[in-house]
Every structure is written in structure tokens, then in C-alpha cells.
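Okay, here's what each chain looks like letter by letter:
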Amino acid sequence: MTDTARTQTDLERQIAQASQDVKQAPSPIDQNTTQTAVKDIVEAYPAKVGKKRAKHIVVRDPNQPEQTIDANVRTTPGIITQRGCAFAGCKGVVVGPIGDVVHIVHGPVGCSYYSWLIRRNQFRARANGRNFVNYCFTTDLTEHDIVFGGMTKLRQAIQEAYDIFQPPAITVHSTCPVGLIGDDIQGVSREMSEKLGISIVAFNCEGYKGVSQSAGHHIANNGFFKNWVGTNEAAEEVEGYTVNLMGEYNIGGDTWEIERVLEKCGIEVISKFSGDGSYDEATESHLAKLNLVMCHRSINYMADMMETKFGIPWIKVNFIGVNAFAKSLRKIAEVFDDPKLTERIETVIAEEMAETEAQLATYRERLTGKTVFLFVGGSRAHHYQELFADLGMKTVVAGYEFAHRDDYEGREALPNIKIDADSRNIEEIHVKQDPERYKPPFSEEALAKMEENKTLKDYKGMMPDMGEGTLLVDNISHHELDVLIERFKPDLIGSGIKDKYVIEKLGIPCKQLHNYDYGGPFAGFRGAVNFAKDVDLRVNTPVWKYVKAPWLN
Ligand code: SF4
């Protein structure tokens, strides 16, 4: 390593320590205020509901390493939740971003709207020029179809999409009404696949299939795995450090910033599930030597299945936040265990950190000490804590919309999670080793060493990263959010579109972290600078003092 690289690494160590200190710091909110807020939230509900919700609200106590939280259970009817449906999770989140494939929504146009331009997925057309992410393909079911069945319409829609767009594959997604009338979308897709000679995959992702969009992610993973992963058997092995990027959806161009840095390090991305992902790449994804799992919740199923079938190990990474990105790159270096790659990664980290730090310093001065609430998805509420900590901002309340207990408590909780009727709704694929293509890319000794160091297949969840007295709230309701805003008065809330304007009417800036409000990328080194600028503009604008929150009357 060069001397320059060594000096820059010292700078990096200082920044990393500062960020870690912010993350682990106790909550700056007075503990009486926190305890009273929790008590008042729970007591406002009818007794039975309050008892249930109390299990979803936890005050972090690092002296109790075994703390648990309830998650992935049905929202009590009547409570205003931020969650989406299984269809939104399947089509909207995981399958939709594959950009050169036509995704047909078989259902009423209202459901279809939810899948169209709602999420800012981005895709770069490959040599064939196909890019369909901005289209909304729907069978537009009406009352007549609900009474007499919509399968003819679906056949016609597939044919029409094929004739006009000539896609390499088509996906079909059913919404609630289709599940209720029982249209055989699997049968129609099989029949049309034989007729047209392309892959047509049907996803029975009716909105009611699970307690949240999480069920849709699982259904999407199963569909990808059964129909696309490894189906290009003629694809030849790729030399070098190859990876699949999983659970990264290219919102605001995040994937491209991550890829820029990976490429600079000499790491090749074979396939992406699913931001900027393409059909051909998905069929060759079994060739990668390592799977990088960003969003643990939405894609851990596929990482596990690929490991069982092809022997590809996986690691949990986080590319949101300067220090998080550096840590994740080092984890990749540890897996490949090649001094040349390690040196290259260190040089890239040093260069990128120096460049980023020069731009972040000013924003950090203006943002240090500010407090944040985070209610996002099934990993983002954890990931973004790192980036806020890089800016000196402390996350005092965080929770997921659709996570399971392992996303909070770590994968060690997996054996203790009870499978309930809602989870049993989702097909569980039993995967076996592929006798010819099961080829772990590392030696048994290397794998054993990584197992011992907990490098592979490990995720500790969000809880250990939250400081004493901070609050974890699973599937937060509007009532709970109102109380917490009023009592804690955070400087910023990172959340989604459903609650954004409610929050802003209360005089608190809200940063959308599902769609980024037309900003981005926010991942990686350059993304952190974009984010800092955006957050500074929101938090430090004087406009908030003109919004009169109800409790100020
Ligand atoms: S009707 Fe069902 S599938 Fe459509 S948006 Fe509502 S919950 Fe989702």
C-alpha cells in the first residue's frame, strides 16, 4: 500500500470512530419522556389492542442482549398502518425493477397504478435497447371480468405485449380480485409461454396473501429462483471476483454508484436482483462467486436457496453510509482473501473517503446533534442509521414496516420464530444441491474459517446498533407517530409517502427513503454527499417555523 493510502486510512479511522460513537450513543431524549410516551401510546388503545401493540414497542436496553420484539403479524383492523400489500412487495418492489421484461398486472387498474412510476426504479437499456420500467401493463379488469373471469383478457394482454415489445420474458402478477375469482394465471402463463417460446412467469401475489408486502417479496424470490436463476446452463464460468448484488433496487441510481466503486475495486457484478437487473443476467446469476445481500428482508430467501443449490455463499452488506460502505468492501475482501484485491480495495476506500470527507465536513457541522426518526421498509431503517451517524445525526426512534423478528434481533432469532397461518400461505421451496453445478468457490477450510468468524450468512439485525434508551417501534401507526413527534420533536423523519405530508403538516421535515423525493443516489460515497446536501436543505430551512403544529396552539 502506498504512503498516501496509509495516511488517508488514518483519517478514515477517525471518521469511522466518530460515526460509531453517534450510533451507539444513548438516546438524548429524557428517559421519563420516553417511558411516559410509550405508556400513553399503549393506554390510548382498547386494552386488548394496547397489550398487543406493547409487544411491538421496545425501549432499547443494551444490558439485555436477549431483548425481543413482535413483528410480521397482522395489523389490527382500524389502525392506520404504513404497510403495503403482498402485490406491492412482489411486483412493486422485487420483480418490477427488472427493466427489459414486461410485467403485466392482472387486476383492476387501481391496483396497477400502485405498480407504475410509484417507485423511482431506474434501468439502463442494454445493447438490445429494451427498457420497459416506465410502462404500466395491466389487464384493467372491470366488473364484467370479475363476474365472467379474466383469463381471456390475460391471454390477449400477453399476446399484445409480446407483439408490440418482443420482450425476452414476461411476468404476470395477480391482485386481490383475481385471487378471489380464481383465474388460473399459472395455466395461462404456461400455455402462452409454450406458444410464444419465451419465459412467462406468473406470481400469485394477491394483496391479501400476507400481513404486509413482505409476503410478496418471498413469492417474488420463489418465482425468480424456480424460473430464471441458473436457467442459462450454457453460460460459461467467469474468472475473477464476481458477485450478485441482491436486495438493492436502484432507487435514484443507487446501484450505479455501488457498481462504480465495485468496478474500481476490480469486482464484477454478474447480476442484480433487481435494481437495473435484466433477464439474461438473472439466468446467469448462478455463476457468481459471492452473493451480496443488501436488504436482508426482501431477498434472504433467494440467497439461502442459491447457497443450497449452487454453493454460492452470501454476506450481508450495507452500502448506505460512508463507513458502512467501507466496512462492506472490507468484508468482501475478507471473503476473497487475496492480498492484491485487499490492497486495491484499501486504496479505493482511502481515495473515496478523502474525497467524500472533504465535501461532508461542512454539512456535518450544521447537522451534528440533530435527531431522526426512521420508519422504512425491511432494512432501510437500519441502513440509514449509518449514514445519519456519518452526519452526526442520532436516530432516536426506528422501526420497520414489514420486517420479521430476525431483521430486528438478528438471524439467531430464526429458530425461535413461530410460523403462523399467514406465513404458511407462502410456498416454501425445498431446494437440493445441483449434482453438477454445486461448486462452492472457496475451499472447505476457507469456508470453515469464515463460518467461525461469522463472516458468512450472518446478520445481527437492527437492535444491537441502537443506543441505550432509543425506541424500536414495529409497524408504527399514525397515532403512535403523532404522540412520538409531539413528545420527542425530532429534527427530521425518514419515512415513506403515506405519512410524509402528515409529518410535514406537523412542522417536521420528512425525507422519503423509499423513493427519495426525486433526489439520489444516496448509496455509497458520492451518494452520501448528495444525501447530506438534501438533508441539510430540509432540516435547516427556516420554513418549518411557519408551520404551526397543533400542540403549539
Ligand atoms: S386490492 Fe389487493 S392487490 Fe390491489 S392494491 Fe388493494 S390490497 Fe393490493
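Residues numbered from 1 in each chain as written. Predicted model: local features only at pLDDT ≥ 70, side-chain atom pairs only at ≥ 80, totals over all residues. Heavy atoms only, no water.

Asks: Before we go on, may I ask you to explain the packing of aromatic side chains in this structure?
Replies: Pairs of aromatic rings are described using the distance from one ring centre to the other and the angle between the two planes. Tallying each qualifying case throughout the model produces 21 aromatic pairs. Geometrically, the ring pair formed by F132 and Y135 is edge-to-face, given 6.3 Å between the ring centres and 65° between the ring planes. Assessed through its relative accessible area of 8%, F132 is described here as buried. Look at Y135 and you get partly exposed, because its relative accessible area is 44%. An angle of 50° between the planes, with centres 5.5 Å apart, marks the rings of F224 and F273 as tilted. Remark: F273 occurs in strand 7 (residues 267-274) and F224 occurs in helix 10 (residues 214-227); sequence separation between them is 49 residues. Judged on exposure class, the residue F224 and its partner F273 are both buried. One aromatic cluster in this structure is built from F203, F224, W228, F273 and Y279. The lysine or arginine in question, R124, covers the ring of W256, its NZ or CZ lying 4.0 Å from the ring centre. Cation over ring: K316 sits above Y459, and NZ or CZ is 5.0 Å from the ring centre. (Phe/Tyr/Trp six-rings, centres within 6.5 Å; stacked < 30°, edge-to-face > 60°. Buried < 20%, exposed > 50% of the residue type's maximum accessible area, 1.4 Å probe, protein only. Helix = DSSP H or I, 4+ residues; strand = E, 2+ residues; numbered from the N terminus. Lys NZ or Arg CZ within 6 Å of the ring centre and 35° of its normal.)

Asks: Would you mind going over the confidence of the model for the chain with me for this structure?
Replies: Detailed reading of predicted coordinates is not advised where the pLDDT is low. For the chain, mean pLDDT is 95; residues scoring 70 or higher make up 98% of the total. Every residue in residues 1-5 scores below 50 in pLDDT, and together they form four contacts with partners more than four places removed in sequence or on other chains. (pLDDT = per-residue confidence, 0-100. Contact = heavy atoms within 4.5 Å.)

Asks: Sorry if this is basic, but what is going on with the site of the ligand here?
Replies: The environment of the ligand is made up of C85, F87, C111, T175, C176 and G207. The residue makeup of the shell around the ligand, split by class, is four nonpolar, two polar and no charged. (Near = heavy atom within 4 Å. Nonpolar A, V, L, I, M, F, W, Y, C, P; charged D, E, K, R; others polar.)

Asks: How should I be thinking about unusual backbone geometry in this particular structure?
Replies: Keep in mind that most residues, glycine aside, have a negative phi and that most peptide bonds are trans. Cis rather than trans, the peptide bond between F273 and S274 has omega equal to 5°. Take S274: it is sitting in strand 7. Of note, the bond from G520 into P521 is cis; its omega dihedral lies within 30 degrees of zero at -5°. With respect to the helices and strands, P521 occurs in the loop between strand 14 (510-512) and helix 22 (524-539).

Asks: Explain helix 10 here, please?
Replies: Turn by turn, an α-helix covers 3.6 residues, leaving residues three or four places apart pointing in a common direction. Counted at 1.5 Å a residue, the expected span for helix 10 with its 14 residues is 20 Å, and the 20 Å between its end C-alpha atoms agrees. With twelve of its 14 residues buried, helix 10 lies for the most part within the structure. If you check which residues of helix 10 are buried, you get S214, A215, G216, H217, H218, I219, A220, N221, N222, G223, F224 and F225. Elements in contact with the buried residues of helix 10: helix 4 (86-95), strand 5 (199-203), strand 7 and helix 13 (296-310). (Expected span 1.5 Å × (residues − 1).)

Asks: Looking at this model, I keep getting lost on empty space enclosed by the protein. Mind explaining?
Replies: Empty space left among the atoms is revealed by rolling a probe the size of a water molecule over them. Scanning the entire structure with this criterion turns up one cavity of 30 Å³ or more. If you add up the space inside the largest cavity, you get close to 50 Å³. Residue lining of the largest cavity: V22, K23, Q385, A389, M393, K394, T395, D465, M466 and G467, and that is the complete set. (1 Å grid on protein atoms, 1.4 Å probe; cavity = no way out; pocket = protein on both sides within 12 Å on 5 of 7 lines; lining within 4 Å. Points joined across faces, edges and corners; volume = space filled by probe spheres on them.)

Asks: Before we go on, may I ask you to explain the nonpolar core in this structure?
Replies: General note: in soluble globular proteins, nonpolar side chains tend to be found buried as a group. Judged by nonpolar contacts, the single largest core of 107 residues is most densely connected at L292, L329, I332, Y384 and F388. Filtering out sequence-adjacent residues up to four positions away, L329 remains in contact with V261, L262, C265, I345, I349 and F525. Core analysis: the next-biggest nonpolar cluster, separate from the first, contains 27 residues, I29, V38, I79 and F488 among them. (Core = buried A, V, L, I, M, F, W, Y, C linked by side-chain atoms within 4.5 Å.)

Asks: For this particular structure, what's the right way to read the sheet that holds strand 2 (residues 102-106)?
Replies: Adjacent strands of a sheet pair through backbone hydrogen bonds, lying either parallel or antiparallel. In space, the four strands of this open sheet follow the order 3-2-4-5, with parallel pairing throughout. Looking at the sheet topology across the chains shown, the edges are occupied by strand 3 (137-138) and strand 5. Lying on the sheet, helix 4 is in contact with strand 2, strand 4 (169-174) and strand 5; it crosses strand 4 at an angle near 155°. (Pairing = 2+ DSSP bridges. Axes fitted to C-alpha atoms, helices over the stretch in contact; angles between N-to-C directions.)

Asks: Would you take a moment to explain the pairing of strand 6 (residues 241-248) for this structure?
Replies: Two faces, one strand: in a regular strand the side chains alternate between the faces of the sheet. Within strand 6, seven of the eight residues are buried, which leaves it mostly tucked inside the rest of the structure. Judged from the seven bridges that link them, strand 6 and strand 7 form a sheet pairing that is parallel. Bridge pairing in strand 7 places L245 opposite K272. Running through helix 11 (residues 254-265), the crossover from strand 6 to the neighbouring parallel element strand 7 is right-handed. (Right-handed = clockwise from strand over helix to strand, strands pointing away.)

Asks: I keep staring at the pairing of strand 10 (residues 371-375) and nothing clicks. Help me out?
Replies: The element strand 10 is largely enclosed, with a buried count of five among its five residues. Side chains T371, F373 and F375 of strand 10 all project onto a buried face; the interleaved residues V372 and L374 project onto the opposite face, where all are buried too. As paired strands, strand 10 and strand 11 (residues 394-399) are joined by five bridges and run parallel to one another. Within the sheet, the bridge partner assigned to L374 lies in strand 11 and is A398.

Asks: I tried to follow the pattern of salt bridges on my own but got confused; where do I start?
Replies: Side chains that differ in charge, positive against negative, can pair when their charged atoms come close. On inspection of all chains with the given rule, the structure shows 41 salt bridges. A salt bridge links K23 to E386, with the nearest nitrogen and oxygen atoms 3.1 Å apart. Here E386 lies in helix 16 (residues 380-390) and K23 lies in helix 1 (residues 3-24), a separation of 363 residues in the sequence. E386 shares its class with K23; the two are buried. Put simply, R364 and E357 hold a salt bridge, and the shortest N to O gap is 2.8 Å. Classification of R364 by relative accessible area gives buried; the value is 18%. In this structure E357 comes out as buried when scored by relative accessible area, which is 13%. (Salt bridge = Lys/Arg side-chain N within 4 Å of Asp/Glu carboxyl O.)

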